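Observations on the model geometry
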Amino acid sequence: MAVRRMVWVCVFPLLVTVAACVPQDGAPKAANSPAPAQPSIAAAAPPAAATKITTDLTAPRSGTGTATYRCGNNGMIAIQNLGTSLRVVGSDGTAEEFAASPASQSSRYQAATHDAIVIDGSEALVMKKGSTPQTCKR
């Protein structure tokens, strides 16, 4: 008895939902609507590319943007995205330019001093010559 009731309680709402979705006259809903039929997929134009909104420094932008990162006990750095390069200002006020390496990407940067920065979402991995790499977070 309990099993029959459980089946009835579980299946009945599902059947009601399905019945509500099916047209009562048996005709497809598209045939009842006055709107013209949609073209086939083969004849349709390709969809327009979606607009990507960039909210971090992982992609080059036309304008400049600055983000501040906390680097543990060693202070903070400010990274300014210049498109194909970065300007990094340390907590001591020293600035250093980093060029994209290789130039076709926007997450790895290297300075003339062979220091490097890898941007990954809200983290920046800072590698300085002669020091242990350090992860800084926005």
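Residues numbered from 1 in each chain as written. Predicted model: local features only at pLDDT ≥ 70, side-chain atom pairs only at ≥ 80, totals over all residues. Heavy atoms only, no water.

Secondary structure assignment for the protein yields two helices and eight strands. N-terminal to C-terminal, the α/β element order of the protein is α-α-β-β-β-β-β-β-β-β. For the protein, the residues scored as buried account for 21% of the 138 residues in total. For the protein, contacts bridging at least 24 residues in sequence account for 26% of all contacts bridging at least 6. Entry remark: accessible area of the protein is about 10200 Å², with carbon and sulfur atoms responsible for 61%. (Helix = DSSP H or I, 4+ residues; strand = E, 2+ residues; numbered from the N terminus. Buried < 20%, exposed > 50% of the residue type's maximum accessible area, 1.4 Å probe, protein only. Contact = heavy atoms within 4.5 Å. Areas by Shrake-Rupley, 256 points an atom, 1.4 Å probe, with all protein chains shown as cover.)

On to the pairing of strand S8 (residues 134–137). Examined bridge by bridge, strand S7 (residues 123–127) and S8 share four bridges and lie antiparallel to one another. Paired with Leu-125 across the bridge in S8 is Thr-135. Count of turn residues in the S7/S8 antiparallel hairpin: six residues, of which Gly-130 carries a positive phi of about 85 degrees. (Pairing = 2+ DSSP bridges.)

A few words on the pattern of salt bridges. According to the stated counting rule, one finds four salt bridges in the structure shown. Here Asp-115 makes a salt bridge to Lys-128, at a shortest N to O gap of 3.7 Å. Placement of the pair is Asp-115 in the loop between strand S5 (108–110) and strand S6 (116–120) and Lys-128 in the loop between S7 and S8, with a sequence separation of 13 residues. Judged by relative accessible area, which is 9%, Asp-115 ranks as buried. Among the residues examined, Lys-128 registers a relative accessible area of 43% and is labelled partly exposed. For Lys-137, the salt bridge is made with Glu-123, and the minimal N-O distance between the two is 3.7 Å. Within this pair, whereas Lys-137 is found in strand S8, its partner Glu-123 is found in strand S7, the two being separated by 14 residues in sequence. The class for Lys-137 is partly exposed, based on a relative accessible area of 48%. Since its relative accessible area comes to 32%, Glu-123 is described here as partly exposed. The structure contains a network of salt bridges with shared partners spanning Glu-96, Asp-115 and Lys-128. (Salt bridge = Lys/Arg side-chain N within 4 Å of Asp/Glu carboxyl O.)

Function cannot be inferred from these measures alone, as they are strictly geometric.
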